[in-house]
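Overview (structure and organization)
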Amino acid sequence: MTGTAGESRNVDPLESGKFDALAARWWDPEGDFQTLHDINPPRVEFLAERVKLEGRRVLDVGCGGGVLSEALAALGASVTGIDAAERALEVARLHGLESGLDIDYRHVTAESLAADEPAAFDVVCCLEVLEHVPDPASTVRACAGLCRPGGTLLLSTINRSPLAWATAIVGAEYVLGLLPRGTHRYDRLIRPAELAATCRQAGLEVREITGLSYNPVSRSVRIGGAPRINYFLHAKRPE
């Protein structure tokens, strides 16, 4: 997870293109983003248990069609959502109008926003994003820079392990069809120790690393336990 500081275009056009191509399906809970809709309520609850959201300025990095952004705004947060996939942002804006939620969606990278608005947010969320960017360390640094001193960061990604490969890639994409094939690349998955080290190098205090388990049959979610496949990292920026 090495990278060059100050990188403003930490974007893989192939990755953003994948999500642009799926833009119209973001809000179909039975479609390509079924898993996202299933895990979203538990992950919002996980964050809400650790930080007050009402009245806080919250950044959703890699917001896509706005599924997480809308849930956070519904809890009273002042939400900014950013993404490199422009068509997904169009869907997010339209759905926000339908939902009656005031969310500031922007077509910008975390690095560019960090240069323009350092320490501007009380809470920074970067969920299921790091495994899709060429330089995840650059994104982590940007997230750290966007968070105010004393603020909270929540990151989530997928462990780089044989179990994760068998489950999150082969099982989810090729056997069960829960995600479009090619959604994830094994070489871009990140071990928890690697992510924790990158966070500390960015000046963050790592508070918690915990796993997320998803049962595709019952569509149930459990947060807790070892970070064997999907996992959260909860961090703070020191005062």
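To keep things clear, this report deals only with the structure shown in the data block. (Residues numbered from 1 in each chain as written. Predicted model: local features only at pLDDT ≥ 70, side-chain atom pairs only at ≥ 80, totals over all residues. Heavy atoms only, no water.)

One non-glycine residue with positive phi stands out, namely Ala 119, at about 55°. Residue placement: Ala 119 occurs in the loop between helix H5 (110-116) and strand S4 (121-127). The residue Arg 219 is not glycine, and still its phi comes out positive at about 60°. Locating Arg 219 in the fold gives a position in the loop between strand S6 (205-215) and strand S7 (220-223). (Helix = DSSP H or I, 4+ residues; strand = E, 2+ residues; numbered from the N terminus.)

So, on to the nonpolar core. Counting 28 residues, the largest nonpolar core has Leu 59, Val 61, Val 124, Leu 146, Leu 155 and Leu 195 as the members making the most contacts within it. By residue number, the principal contributor to this core is helix H6 (residues 136-146), which donates 5 residues. Ignoring anything within four residues of it in the chain, the contact list for Leu 146 reads Leu 59, Ala 110, Leu 113, Ala 114, Glu 117, Ala 119, Ala 120, Phe 121 and Val 124. (Core = buried A, V, L, I, M, F, W, Y, C linked by side-chain atoms within 4.5 Å. Buried < 20%, exposed > 50% of the residue type's maximum accessible area, 1.4 Å probe, protein only. Contact = heavy atoms within 4.5 Å.)

What follows is about the pattern of salt bridges. One pass over the structure, following the stated rule, counts 12 salt bridges. As a salt-bridge pair, Glu 205 and Arg 207 come within 3.3 Å of each other at their nearest N and O atoms. Under the relative-accessibility criterion, Glu 205 is labelled partly exposed at 35%. The network of salt bridges with shared partners includes Arg 57, Asp 104, Arg 106 and Glu 117. (Salt bridge = Lys/Arg side-chain N within 4 Å of Asp/Glu carboxyl O.)

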